[in-house]
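Below, each chain spelled out in residue letters.
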Amino acid sequence: MIAIKNLTKVFVSTKGEQVTALEGLSLDIAPHTFVTVVGPSGCGKTTLLMIVAGLEFYSEGQVLLDGKAVCGPSDDVGIVFQRPVLLPWKTVMENTMLPAMVRGLKDGHYRERAVELLRQVGLEGFIGHYPSELSGGMAQRNAITRALVLDPRLLLMDEPFGALDAITRDRMMLQLTELWESTRKAVLFITHNIQEAVFLADRVIVMSPRPGRIIADVPVDLPRPRDLDVMSHPRFVELTSRIRERLEIGK
Amino acid sequence: MADSESAPCLNTALIPKRSMTARGRRTRPSLTFPVSLVALLLLWHLVVVGFRVPLYILPTPGATLVALWNGLTANPLTAGSLLFHVGVTLRGAALGFIVGGTTGVLLGVLIGESKALERILMPYAVGLQSVPKIAIAPLVMIWFGYGLPSTVVLTALLTFFPLLINTYSGLNVVERDYLLLMRGLRASRWQTLWWVKVPSALPMIFAGIDLAIVYSLLGAVVAEFVSGSAGIGVVIIKYQYINDTAGVFAALMTLSATAIVLHSIVRLLERRAIFWRKRDAHKQITATA
Ligand SMILES: Nc1ncnc2c1ncn2[C@@H]1O[C@H](COP(=O)(O)OP(=O)(O)OP(=O)(O)O)[C@@H](O)[C@H]1O
Ligand SMILES: [Mg+2]
């Protein structure tokens, strides 16, 4: 699905200094797999996601989406940003429909799909409401339905639950696994919460501090479907401590 | 007050904050404003009478109210009526506002959207904006003659700049995340402008409209000072000429009342247009020339 080879990204800061955000990073993501990326703040996680999304240039290397070089945003990719970025002057439904509206696809099929997605994330009662009436978690769920409405094959998520409280975060994690188990899209999910990374993932990628490189690639062999009880599973505990160790060594 | 003392503490804590502030807001001004107004009028009267100020320097509130009453109750089709003159001033102001405001918004959008146009036109816009437009009034008279055309041109000039500048900067303060979102969706330039940038710019555009409303009245009155045959500006000059200061006061009050009404209409429209904004955000007030 995605093949990243030797990716390097150098920013030139406003002062003219060169900042190497990513260095020689290689990563393959197979279809239908949930891949999470953990790493310290500033290690280039957002940069990586933006490059895969086609929203950021890269300096060296190769990024292929289904064998074709990424050189711009694609309908096959849905993006959920760190903040919900909902348009406050559009309703929940209109925000979900935004990608379809941009394509001029306002027919019944997409409306039904939008309603179904909103139902799956528990927002069916808020279809006509405006984003200012939503809580942080609800707003982020609205953003997830927007990323899914065109049925992309790859979903990119940049710390979507980073701003939420622990209880809401748990609920969102659970809902996301359920959603994923019913759709099985390829997902690249960025987080700096190790538990979240393990709970959601088939594979956890651990990144080093800047310049970002991959320092561990940990397969998660926990059974699915998963519920919150998985977190007390000995294997879960073992995996999280192994990743924590890797992050420590990385420092 | 006695109520809140005898009521258990829990009760006040249970009252939702919003209803409390809403009540506080509604009751307090409705009492304080009339009281302070009466006090002010009384003070005014005492100053005039106590210091024996001549009526042509400062008329008493009573004399002003009589002049206002006479002006407002006169047949509105005759030159003795303040309403007639307000009508004339409003016509000039409105025409100039429509011409100047629309061009300002449209050009603001064009400059905001096109880097090339921005580079060509922005220096002129900034340069011309700093010219005190009122000072051009006599020149406008020379070019456009006496009466309505000059009024419209001067008013248009005055209203054009606040809307040009506010539209342009409004389109430029859009949150980067929205633009990234739209780019990720491969939205067209037009879609991004229409769905994201224009709604984001609305608060700034309305602030510009608010400013332009006052400027349009200012422009119309100054044009009338210089060359008009009717309108509030003419009334003010006429009363000043015959030392009828009460008449000048009455004319100024009518003009201010008109401005307040127009301002309220703009606020109402703004609240409708920017329906998603929190209520308190509408409370800021801008000073005008
Ligand atoms: N536009 C830019 N210009 C210059 N440097 C940048 C730019 N964007 C990011 N960087 C730098 O690149 C590095 C990686 O940034 P990035 O946002 O990808 O980090 P991150 O891993 O997402 O961090 P966080 O977990 O805090 O979100 C940082 O050191 C940052 O300063
Ligand atoms: Mg980030």
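Residues numbered from 1 in each chain as written. Chains lettered and ligands numbered in written order. Predicted model: local features only at pLDDT ≥ 70, side-chain atom pairs only at ≥ 80, totals over all residues. Heavy atoms only, no water.

What about helix α9 (residues 176–184) of chain B?
Tyr178, Leu180, Leu181, Met182 and Gly184 of chain B are the residues of α9 of chain B that are buried. Considering only its buried residues, α9 of chain B is in contact with α1 (45–53), α2 (92–102) and α4 (136–148) of chain A together with α10 (189–227) of chain B. The first or second residue beyond α9 of chain B is arginine 186 of chain B, which carries a positive phi of 55°. (Buried < 20%, exposed > 50% of the residue type's maximum accessible area, 1.4 Å probe, protein only. Helix = DSSP H or I, 4+ residues; strand = E, 2+ residues; numbered from the N terminus. Contact = heavy atoms within 4.5 Å.)

Regarding the site of ligand 1
All names here are of chain A. The local shell around ligand 1 consists of Phe11, Ala21, Ser41, Gly42, Cys43, Gly44, Lys45, Thr46, Thr47, Glu159 and Arg210. Here an oxygen atom of ligand 1 and a side-chain polar atom of threonine 46 are 2.6 Å apart. At 3.2 Å, a side-chain N or O of glutamate 159 approaches an oxygen atom of ligand 1. Expressed as a share of its isolated accessible area of 640 Å², the protein-covered part of ligand 1 is 65%. No other element matches the three residues that α1 contributes to the shell around ligand 1. Tallied by class, residues from the shell around ligand 1 come to three nonpolar, five polar and three charged. (Near = heavy atom within 4 Å. Polar contact = N/O pair within 3.5 Å; in protein donor to acceptor, adjacent residues only side chain to side chain. Areas by Shrake-Rupley, 256 points an atom, 1.4 Å probe, with all protein chains shown as cover. Nonpolar A, V, L, I, M, F, W, Y, C, P; charged D, E, K, R; others polar.)

Some thoughts on the nonpolar core
As a rule of thumb, nonpolar side chains are buried together in soluble globular proteins. Residue and element names in this part refer to chain A. By size, the foremost hydrophobic cluster in this structure holds 59 residues, and its most contacted members are Ile4 and Leu154. Among residues more than four places away in sequence, those in contact with isoleucine 4 are Leu25, Ser26, Leu27, Leu48, Val52, Gln62 and Val63. Residues Met97, Leu123, Phe199 and Leu222 belong to the second largest nonpolar core, which totals 51 residues. (Core = buried A, V, L, I, M, F, W, Y, C linked by side-chain atoms within 4.5 Å.)

A look at the pairing of strand β6 (residues 77–80) of chain A
Across a regular strand the side chains alternate sides, sitting on one face of the sheet and then on the other. All names here are of chain A. Going residue by residue along β6, you find Val77 and Ile79 tucked away on one face and Gly78 and Val80 tucked away on the opposite face as well. The sheet contact formed by β6 and strand β7 (residues 154–158) spans four bridges and is parallel. Its bridge partner being in β7, valine 77 is matched across the sheet by leucine 154. (Pairing = 2+ DSSP bridges.)

What about the interface of chain A and chain B?
Taken together, the 21 residues of chain A in the interface contact 19 residues of chain B. Where chain A abuts chain B, roughly 1900 Å² becomes buried across the two surfaces, and 68% of that area is made up of carbon and sulfur atoms. Looking at the side of chain A facing chain B, the largest losses of area belong to Leu55, Trp89 and Val102 of chain A, adding up to 31% of the total buried there. There are three salt bridges connecting chain A and chain B. A salt bridge links arginine 83 of chain A to glutamate 175 of chain B; the nearest nitrogen and oxygen atoms lie 2.8 Å apart. Taken together, the links from chain A to chain B amount to nine residue pairs in polar contact (both at pLDDT 80 or more). With four residues, α2 of chain A is the single largest residue contributor to the side of chain A that touches chain B. Residues that form the side of chain A that touches chain B fall into these classes: 14 nonpolar, two polar and five charged. (Buried area = accessible area lost by both parts, 1.4 Å probe. Salt bridge = Lys/Arg side-chain N within 4 Å of Asp/Glu carboxyl O.)

Digging into the side chain of threonine 33 of chain A
All names here are of chain A. Locating threonine 33 in the fold gives a position in the loop between β2 (18–29) and β3 (34–38). A polar atom in the side chain of threonine 33 sits 2.3 Å from the backbone oxygen of alanine 30. What threonine 33 contacts, discounting residues up to four positions off in sequence, is Trp180, Lys185, Ala186, Val187 and Asp202.

Focus on the sheet that holds β2 of chain A
Residue and element names in this part refer to chain A. The sheet built from four strands is open, its strands ordered β2-β1-β4-β5 with antiparallel pairing. Each of the sheet's edge strands pairs with one partner strand only, and the pair in question is β2 and β5 (68–69). Note: strand β1 (residues 2–12) against strand β4 (residues 60–65), five bridges, orientation antiparallel. Its bridge partner lying in β4, lysine 5 is registered against glutamine 62. Its contacts with the sheet place α1 against β1, β2 and β4, and it is angled at close to 120° to β1. (Axes fitted to C-alpha atoms, helices over the stretch in contact; angles between N-to-C directions.)

Examining the packing of helix α5 (residues 82–113) of chain B against helix α8 (residues 148–172) of chain B
The packing of two helices is summarised by the inter-axis angle and the distance between the axes. All names here are of chain B. At a minimum axis distance of 6 Å, the contact between α5 and α8 shows a crossing angle of 30°. Taken as a pair, α5 and α8 cross one another with a handedness that is right-handed. Counted by class, the contact of α5 with α8 contains 16 nonpolar, 12 polar and one charged residues. (Left-handed = near helix turned anticlockwise from the far one by under 90°.)

Considerations on the packing of α10 of chain B against helix α11 (residues 232–241) of chain B
All names here are of chain B. At a minimum axis distance of 7 Å, the contact between α10 and α11 shows a crossing angle of 50°. Between α10 and α11, the angle is such that the two are oblique. For the pair α10 and α11, the crossing hand works out as right-handed. Counted together, Val221, Glu224 and Phe225 of α10 and Ile232, Gly233, Val234, Ile236 and Ile237 of α11 form the full contact between these two elements. Tallied by class, the residues present in the contact of α10 with α11 amount to six nonpolar, one polar and one charged. (Parallel < 35°, antiparallel > 145°, perpendicular 65-115°, else oblique.)

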